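# A structural walkthrough
Listed here are the chains, written in short residue letters.
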Amino acid sequence: MRRISLRLQNTPRPYYGSDHKRSRKVEEDVASNKKAKQASENGCSPNRQAKNVKAKDASNKKGKQATGNGCSANHQAKNIKAKDASNKISKQDLEKGCYEAKKVKSEDGKGKKNKAVLEDACKWVVPGSSLIDDHGISCAARVKETLRIFNSHYLQFVQEEEKRCKQKKNGNSAVEKRPSKRPDLKAVSKMLKNKETLNLEKTFGNVPGIEVGHQFFSRAEMVAVGFHGHWLKGIDYMGNSYAKNNYKGYTFPLAVAIVLSGQYEDDVDKSEEVVYTGQGGNDLLGNKRQIKDQVMACGNLALKNNMEHGIPVRVVRGHKCTNSYSKKVYTYDGLYQVVDNWAEKGVAGFTVFKYRLKRLPGQPQLVTNQVLFSRLRGSKALSEISGLVCRDICKGQETICIPATNVVDNPPVAPDGFTYIKSVKVASNVKIPPSAPGCKCKGKCNNPQTCACAQRNGDDFPYVSQDGGRLIEAKDVVFECGPNCGCGPECVNRTSQRGLKYRLEVFRTPAKGWGVRSWDYIPSGAPVCEYVGVLKKSDELDNVSENDYIFEVDCWQTINGIGGRERRMGDVTLPSNNVSKRDAKILNSTPEFSIDAGTFGNISRFINHSCDPNLFVQCVLSSHHDIKLARVVLFAADNIPPLQELTYDYGYELNSVIGPNGKLKKMACHCGAAICRKRLY
C-alpha cells in the first residue's frame, strides 16, 4: 500500500509489519551513511564502543570481549585499570556526570592482590541509541526489530492458548491437560532457541539502543533485548562466571539492573532517591507481605558489592496500565548509584536488606516523574490541555472526541480546509460489488475449521481477541466477516470495523505540519484507524501533484510484488472473481482506484510519514471481496506508548514525483528517524 500521487509508479515500499526480516534491508541501505555521523556525547569518544579490557596483571590484558546477538557488549566500554586509591567519588566528577570508580582489592588463588577500577566512567550516562553494531546497523533499530520478533511470537502463542481454552470450554476431554506456560514466556523461550535475542552477555550501564524513558509492556520484553535477565526476580546480576572473563579483581556477584514494581511493602520511592528492599522472603501469591527473613546472597549480595565497587545499576519502574497485555508498563529511568545498605526488621517483623540508591546526574529527565505521564494514566478535562484549539475535530461523529492542540503557531490556529467523515465516500462513477457470501457462524466465530471466513485467511483467524482484537501478522489481505455472515459485531474477525478505540489527538509539529499522537498505550497489531476519503478512479483524480492526501489502493499489486513492492507472509485464498495473475494489463498498470482525503477525510489524513514508522498499512476486505477496492487500515507495528507520534511509511521513491510544470519535485523528510532517507520524494 502506498500513499502517493498518480505520477509515482513502480515504487518499492519498505515493509514494517510483523515480518521482522523485511525492515533490515532499509536499515542496511542507510547504515553506511550513519557511521560517520555517530557523535560522541558528554565528551566521550565513539571509540569507547569497543574498548579493550586492561588490568595490572598481564594475564588479564586480553580479556574475552563479551558479545550479544547483534549489538556488541563492547559498547559498554568496560576498561579495567589500576588508578585511584580513593574510596570516594568526587563531587566535581558527579556534577559532570562522569566519575572514576574506586579502587578494589581482592585476593586471587595464589594470594596475590589484584587492583582494578573502571576507567572513564562517563560512559554510564552516554545514551545507547546513537551507537551502531558491527554490521553498521543502529542498535536502536536492532532493539525495535527484536521486540517485533517477540510480539510476533507472542501473538502466535496467544492464539494457541485461545484455541486451547475454547476447546476445553466446549468440554472436549481430548485436550484436558495441565495449563501451559504464559505466552510471553513461550515467546522468549522460542527466541532463545532460535538465537533471536539481544545482549546475551550481561553488561553494566546503558544498553545500546535503549534510552532513558524507553517503555516495555512486560518483563519478558526486557529479557528478549537483554535489558533485565529475569522475568520474575527484581535484581538482575552477574554471577561468579563473569569473574573469569573481563572482571578479574572484582568481587561477584554484581548487579546490572533492578525493577521497582511495588512488590515489597518496605520500598520507598522518591524518584531521584530510592530505598530499595532486597529480594527474597516475599509472599509469591502477590499480597506483598514478607513471610520470612531475607538472606545476604545472590541479588542482595550483588547490590552490596555494587556499592563497594562504585558500579551503578539500571533502574526500571513498573506501573499499572490497563492497555498493556501484562496490565503493567515498565519504564527505564536511568542509572542509579548504590550509596548505602543496611539490615532492619521490616513492617512484617522479618529481617530485610535495604539499599539507598541515588540517580546519577547528567541523564534525561525522569519520564515517570513528569506530569504528562501521570495525566495519561487517567482522565483529564479537555479545558486543561495546553494549546487546545479544537475540542473535537470530528464533531461527535466518532465515539471518542479528537481534540486538536497547537503550541507552535502564534496566534494558534486549528486544522481546517476539509470536512470530517467517518467512513469512505464513493464517487458516483465507482461501482461497489455486491455483498459477498458469509460464514454460517452464530454469535462469535470460534472454530476456524467450520468458519468460511477463517478458511479464506489461510484456515485460521487473522486476529486474537486479546486487547479487543490484535492482528497476529501482516498479510497480503485480511478477509473479515461481513454483512452476510451469521456472527455478530463482537466477533473477533470484525476487529477493524469497530471504529476508534484509542484516544487520539491532532497536534501541530514544528516542521511537519499537523501530526497525530495517542493518549493511550497501543499494543502491536491493534487497529488504529482506517484511511478514509473519497474512493475514486485513479485516472480521474484532479490536481494530483498538488494533493498530498491521495492513497493508492494497490492491494493486487502488493500481492503480486509488482513495481518492487514487498510481498507479505501469510497464505490467503483469493476469490475466483479477482483478476488472474496472468493479466498483463493489470500487472503492468498503476492501481485502478485511489482514496482522496484532500477535501473529505478522517484523522488518518493527519498522520505523518516516517522512514522508521510505528504503524503499517493492511488491506482488509469485509463487505465484498474485490481486492481492487479493499479498505485501507493502519495497524500498530510496535507497542506504542502515550504521546509518541503515530507514523507510517508513505512509500515514495526518490526522484519520482513530477510537478505540473513537468519538473522534478523534491521534498525534505523531517521524520528524525535514525535511518531517515532525508527526502520524502
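Residues numbered from 1 in each chain as written. Predicted model: local features only at pLDDT ≥ 70, side-chain atom pairs only at ≥ 80, totals over all residues. Heavy atoms only, no water.

Helices and strands together make up the secondary structure of the chain, namely 10 helices and 29 strands. In the chain, buried positions account for 54% of the 681 residues. Intrachain contacts of the chain at a sequence separation of at least 6 include 71% that bridge at least 24 residues. Summing over all exposed atoms, the chain offers an accessible surface of approximately 30,000 Å²; the carbon and sulfur share of this is 49%. (Helix = DSSP H or I, 4+ residues; strand = E, 2+ residues; numbered from the N terminus. Buried < 20%, exposed > 50% of the residue type's maximum accessible area, 1.4 Å probe, protein only. Contact = heavy atoms within 4.5 Å. Areas by Shrake-Rupley, 256 points an atom, 1.4 Å probe, with all protein chains shown as cover.)

Residues Phe 593 and Ile 595 of strand E24 (residues 593–596) are buried on one face, and the alternating residues Ser 594 and Asp 596, pointing to the opposite face, are buried as well. Two elements, strand E22 (residues 534–537) and E24, share 4 bridges in a ladder whose sense is antiparallel. Directly across from Lys 536, in E24, lies its bridge partner Ser 594. In this sheet, E24 lies alongside strand E23 (residues 550–552) in antiparallel orientation, the contact comprising 3 bridges. Counted as the bridge partner of Phe 551 is Ile 595 from E24. (Pairing = 2+ DSSP bridges.)

Once that is clear, we can look at helix H4 (residues 183–194). Since the α-helix packs 3.6 residues into each turn, any two residues three or four apart lie on the same face. An ideal rise of 1.5 Å per residue puts 16 Å on 12 residues; H4 measures up with 16 Å between its terminal C-alpha atoms. For H4, every residue scored as buried is listed here: Pro 183, Asp 184, Leu 185, Ala 187, Val 188 and Met 191. Lys 195 sits one or two positions beyond H4 and adopts a positive phi of about 60°. (Expected span 1.5 Å × (residues − 1).)

This model, assessed by the stated rule, comprises 13 aromatic pairs. With centroids separated by 6.4 Å and ring planes inclined at 35°, the aromatic side chains of Phe 217 and Tyr 325 adopt a geometry described as tilted. Here the residue Phe 217 occupies a position in the loop between strand E4 (215–216) and helix H5 (219–224), and Tyr 325 occupies one in the loop between strand E9 (313–320) and strand E10 (328–345), the gap between them amounting to 108 residues. Here Phe 217 matches Tyr 325 in class, with each residue buried. Positioned over the ring face of Phe 600 is Lys 425, at 5.3 Å from the centre of the ring. Residue placement shows Arg 517 over the ring face of Phe 507; its charged tip is 4.1 Å from the ring centre. (Phe/Tyr/Trp six-rings, centres within 6.5 Å; stacked < 30°, edge-to-face > 60°. Lys NZ or Arg CZ within 6 Å of the ring centre and 35° of its normal.)

That bond from Phe 252 to Pro 253 is cis: its omega, 5°, falls within 30 degrees of zero. Position of Pro 253 relative to the elements: it lies in the loop between strand E5 (235–238) and strand E6 (254–260). The amide bond that connects Asn 410 to the next residue, Pro 411, takes the cis arrangement and shows omega of 0°. Inspection of the secondary structure puts Pro 411 in the loop between strand E13 (404–405) and strand E14 (419–420). A positive phi angle, close to 60°, is found at Lys 195, a residue other than glycine. You can see Lys 195 is positioned in the loop between H4 and E4. In this structure Lys 195 comes out as exposed when scored by relative accessible area, which is 68%.

As a further point, take the pattern of salt bridges. All chains considered together, the criterion is met by 22 salt bridges. The residue Asp 460 makes a salt bridge to Lys 163 at a minimum N-O spacing of 2.5 Å. One end of the pair, Asp 460, is in the loop between helix H8 (452–456) and strand E16 (463–464); the other, Lys 163, is in helix H3 (residues 139–169), and 297 residues separate them in sequence. The exposure class assigned to Asp 460 is buried, which follows from its relative accessible area of 15%. By relative accessible area, which is 34% here, Lys 163 ends up partly exposed. (Salt bridge = Lys/Arg side-chain N within 4 Å of Asp/Glu carboxyl O.)

Moving on to helix H6 (residues 298–309). With 12 residues, H6 should reach 16 Å at 1.5 Å per residue; the first-to-last C-alpha distance of 16 Å fits that figure. Downstream of H6 by one or two residues, Gly 310 has phi in the positive range, about 70°.

What follows is about a positive patch on the surface. Taken together, the side chains of Lys 327, Lys 444, Arg 498 and Lys 501 define a basic patch exposed on the protein surface. Its location among the elements puts Lys 327 in the loop between E9 and E10. (Patch = residues over 30% accessible without salt bridge, like charges linked within 9 Å, V, L, I, M, F, W, Y side chains within 5 Å. Lys, Arg positive; Asp, Glu negative; His and termini not counted. Charge placed at Lys NZ, Arg CZ, Asp CG, Glu CD.)

Further remarks concern the pairing of E9. Counting buried positions along E9 yields 7 of 8 residues, so the element is predominantly enclosed. Of the strand pairs in this sheet, E6 and E9 are connected by 4 bridges, and their pairing is parallel. Within E9, the residue paired with Val 259 across the bridge is Val 316. Pairing between E9 and E10: 7 bridges, direction antiparallel. Looking at the pairing, Lys 320 lines up with Lys 328 of E10.

Moving on, we come to the sheet that holds strand E28 (residues 631–636). Strand pairing in a sheet relies on backbone hydrogen bonds. The paired strands run either parallel or antiparallel. Strands sit in the order E18-E27-E28-E21 across an open sheet of 4 strands; the sheet is mixed. Each edge of the sheet is formed by a strand with only one pairing partner; in this case those strands are strand E18 (478–479) and strand E21 (527–530). Pairing between strand E27 (residues 615–621) and E28: 6 bridges, direction antiparallel. Residue Val 617 lies in a different strand from E28, and its bridge partner there is Leu 634.

Pairing is mixed in the open sheet, where 4 strands are placed in the order E12-E13-E19-E20. Looking at the sheet topology across the chains shown, the edges are occupied by strand E12 (388–390) and strand E20 (514–518). In this sheet, strand E19 (residues 504–508) lies alongside E13 in parallel orientation, the contact comprising 2 bridges. Residue Ala 404 lies in a different strand from E19, and its bridge partner there is Val 506.

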